[in-house]
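# Report on the structure
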Amino acid sequence: MRLAFLISLVQIVGLQIHAQKPVSQNWWKGSEATSFVSLNAGLNANSADFSNRFLSELIFSDQLSQEVLNDELKGLSQTENVMGLDYELALQGGWNIKSGAHTLLFKAADVAHVNASVPKNAARLILTGNKSFAGDTLDFSGLNGLGMRFQQLAVGWQFQPTPSTAFFALIGFVNGEQYADAKVDRSWLYTSVLGDTLSTSLKGGLFISDTGNVGFATHNGAGASLDFGFHTEFQGEGSIWQFDFAVNNLGLVQWNKKTIGYNFDTNYTWTGIEIPDITNINEQFADNVLTDSLGGGVNENIRKQTRNEWLPGYVAAELLQRRDAGFETGGGWVLRWNANFDPYVYLKNGYRFNEHIATHLSVGYGGYGTVQVGLSGIFEWSHFMAKAEVRNIEALALPGRFAGGSGIINLSYMF
Amino acid sequence: MANWDVDALVPVAHGTINFADFAPEENVYGDGESLLHLTAAETLISLGLDTLIGIPDYSIDTGFVVPISINFPPGVPFFYQLEETKFDLKDVELTRALIRESRITIFLENTIDKPVLFEYGIYSATLDGDTFLVQARVEANDTLSRSFTLDGYELDLRGEEGTDFNTIVTFLQAMIHPDETQNHQFTAGDEFNIKNTVKGVVPEFVTGYFGNQSVLFEEDEALDVFAQFPYQSVNITDFHVTLTIDNGIGADLKLNIQELRSENTVTGANAALNHEVINNNQLYPRAINLYDLTDPVKHIQKKLTFSDENSNLDELLELRPDRFLANLDIEVNPLGDISLGNDFAYYGHNISAFMQMDVPLVVSAKGVVLNDTSDFQFIAPQPNNPLDRINYGSLNLILENRYPIDAEIQVYLLDTFNNLLDSLLESPALVLGAEENNLGIVEFAEQSIVEIPIGPALFDQLELTNYLKISAVLNTVGVDSVHLRNNSGIEYKLVADINARTKK
């Protein structure tokens, strides 16, 4: 009810926003090609399966209360509970050549992406222990996650043949700083009724970039990325419809040969330390090296290797009405790869107060969540443009139901 | 990152307790029907040559003082002594011996200004036809000490005439060393001293008449077969015990076992044997000399059998003895010198009493208390130690008992002065024994679960604990004796059932 009220309220106000779109912005700066510099900064974290209440208590408090824990477990999906985080800090610019249609582009960015999918049974095992599964086999297959941080240096070109159309493309060098990728395809745990036997089966892989070489911009891999897209406009009745299409971070990183790789496919049964001689139990406990054959099995398969990983990029399209003043509407969609990201579609509505100021509200569905709401404001002058967005308002309003918190700021200076 | 509490069920340890594990491997075996037998072979008595016919250490001191001044040429003996030494062996009259070990030390002192050649011989000792003879040069105004052995020499102990016994013949001679070129003028009072010591004579073989001697032995033999079984008492219903008296001495014997007793020195319990052998003289004929050094003696053995019908030996075993005590009276040659001086004894061929015990573990026990105290050290949970995160819970001891024995167990925590601190169990736990079928075989194990509460309070007590005392009251299942088999056992599994914090 609160959610519906909030959506209705914002729609009535007519704000137009972006939500659940990745941090990066496109390159369109107006009907006249111009030189510019801009600063993009954003953080986008979201999950429809976990809640802000749970995550904030988990991260910031001393004790996770049983009530919050139980509520969280009730709300989880049986097979997949996704969360994602994107961060980007980018300095972008364009040099318009001889005040013509061609603009050289550059971009320097620090990017991080994390996503994880946790089956409900895995969360139950982690959060409550195995006792409640005594006599049962707990299948928690499907646990996976990806984390990556990289820096980009890209150069490109934008061609604006008409005032309402522009094409752009950038090719970039990617420095792979840090990387972790885990996939557990098969995992189950059997706990006997009396607890005297634990059996588990694991199949999957884990890859981690050089753990001895960490820090900002350290070099653990290299790759390339390609961004391209276009902007065009259609004339409508009393308004212009602007259409933007962009492909961002199409590329990959080859993480270097110091990347640690584990592949495991093992079954293991643990019945406790075997004490062959009860009359000498103290020494046997002391002497017993608690080597875990599961760990041993994993260790046998540890290797160092190069590994290629696609960048978690996206393709996005947006159609947005532009008026001199008044209500504006539009919508778009976002697809991402290698990001555990469901297709995201959204509607945007907003109000343009004048040619300089507009606000937008978006309501979308998909991505790392379900229903998502965001709010943005745009301030445009001839030499200066600022955009600010607050995303995942639904998680702020209903912290027990949604998780997320995002903010983006974009400052541009045109000359 | 916040803490949260999880309920975990984790196996800690497992194993099998088998009665066979408590005894040395050589003392336990399973028969064709897997029935466990406790066996022991103990030599209660072993009397050898050294006990019956020991040749004593002896020493001969000889001094010679020149009475008058006299001129003597080199190479001509100025002192000569042939001497018979008779050992005091009481009734024993040895005529011949072969020496296995011995040590002879000769000390010579020369007080004149010329080197002297001493010759020392034992006429009675020969090796391959050669007499034992030592020549030694002692420098002017000097002393000399030398050591020899008689190992392997044959001693003729019949004296110079060949008609005596226990007698050796030695000779000693001294002269100015023949290498000297001038005569020596002895002055009255010049002195020579010779000391000859023979020690540690161990014969390989002796012959003669060993006399009619009677010796009372009080033997005390430790027994370790029961040491690992911490029961206090149990009813043994079947046993097979033999006592073999083995005579390896070439002399007739009369043996009287005055008393045979077992004792548990820990509990103080003891029992004396009732059997026809007690206080009854047993005559043992002499061993036979085969005159073959590789297998020289045919022993004469007599075996005594003990059963529950002719003895109370089960009482001696049930008290878990750690020693056997025997008072034996052995009389050698009770009929006199019927061998005409041809008694003999070889090294390693003794008079022995050898007990062999085989106890099938068919037992009954009612209210038998088993106590075992062991050292214990608990390392208290430290920061970052997983134990420090336990809120509460229990250690569940899951027992699959295939023995037909019930046990009521409790574990006590004792401090360094053996003061009781606490007990692990709130009340003694009953571990049920399995039922035997009519063939005395356990078909199905009986499961019991003993819950041991754990938590910070217990950890505090464990930290003060120096000893763990396990106390169990054992009762065999049913009214009859039960069978302990080597394919039985108590399988135990220790499982931690705990509520724990994810972080300290």
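The next subject is the overall build of chain B. When its secondary structure is counted, chain B shows 3 helices and 36 strands. Taking all 504 residues of chain B together, 33% fall into the buried category.

Further remarks concern the interface of chain A and chain B. Counting residues at the interface gives 32 residues for chain A, matched by 23 residues for chain B. Taken together, the elements giving at least two residues each to the side of chain A that touches chain B come down to α2 (52-60), α4 (120-128) and β10 (273-274) of chain A. Counting residues per element, the side of chain A that touches chain B draws most heavily on α2(A), at 3 residues. Counted by class, the side of chain A that touches chain B contains 13 nonpolar, 13 polar and 6 charged residues. Judged from the 2 bridges that link them, β10(A) and strand β1 (residues 5-17) of chain B form a sheet pairing that is parallel. When the bridges of β1(B) are listed, A:Ile273 appears paired with B:Ala13.

All right, on to α4(A) then. Residues and elements named next belong to chain A. Of the residues making up α4, those classed as buried are Asn121, Ala122, Ala123 and Leu125. In this structure, the buried side of α4 is in contact with α3 (66-75), β4 (136-139) and β6 (165-191). The first or second residue beyond α4 is Gly129, which carries a positive phi of 90°.

This part is about the sheet that holds strand β29 (residues 390-401) of chain B. With mixed pairing, the 5 strands of this open sheet are ordered in space as β10(A)-β1(B)-β36(B)-β29(B)-β33(B). Looking along the sheet, the strands with just one partner apiece sit at the ends: β10 of chain A together with β33 (446-454) of chain B.

What follows concerns the nonpolar core. The biggest cluster of nonpolar side chains holds 106 residues, and the ones touching the most others in it are B:Leu52, B:Ile53, B:Val116, B:Val206, B:Ala345 and B:Leu361. Each residue touching B:Ala345, except ones within four places of it in the same chain, is listed here: B:Leu49, B:Leu52, B:Ile53, B:Val206, B:Ile249 and B:Gly250.

Residue and element names in this part refer to chain B. Spatial strand order, β2-β3-β26-β17-β23: 5 strands in an open sheet with antiparallel pairing. In this open sheet, the two edge strands, each paired with only one partner strand, are β2 (28-30) and β23 (300-306). Each adjacent strand pair in this sheet contributes to an overall mean axis angle of 20°, direction not counted. Two strands pair when backbone bridges link them, and strand β17 (residues 240-247) and β23 are joined in this way by 7 bridges, in the antiparallel orientation. By the bridge assignment for β23, Leu243 is matched with Leu304.

About the thresholds
- The numbers attached to residues start from 1 for each chain and follow its sequence in the written order.
- Whichever chain is written first is A, and whichever ligand is written first is 1; the rest continue in order.
- Local features in this predicted model are restricted to residues whose pLDDT is 70 or higher, and side-chain atom pairs enter the listing and the counts only when it is 80 or higher, whereas totals over whole chains, interfaces and linings include all residues.
- Put simply, DSSP H or I for four residues or longer makes a helix, DSSP E for two residues or longer makes a strand, and each gets a number counted from the N terminus.
- Whether a residue is buried, exposed or partly exposed is read from the other C-beta atoms within 10 Å of its own C-beta, which are placed from the backbone; 20 or more gives buried, 12 or fewer gives exposed, and intermediate counts give partly exposed.
- It is the C-beta atoms, placed from the backbone, that decide contacts: two residues are in contact if theirs lie within 7 Å.
- Under the convention adopted here, Pro, Cys and the residues Ala, Val, Leu, Ile, Met, Phe, Trp and Tyr are nonpolar, Asp, Glu, Lys and Arg are charged, and Gly plus all remaining residues are polar.
- Pairs of strands are assigned from DSSP output, requiring at least two bridges between the strands.
- A set of buried residues drawn from Ala, Val, Leu, Ile, Met, Phe, Trp, Tyr and Cys, joined through C-beta atoms within 7 Å, is what defines a nonpolar core.
- Think of each axis as a best-fit line through the C-alpha atoms, taken over the contacting stretch in the case of a helix, with angles from 0 to 180 degrees between the N-to-C directions.

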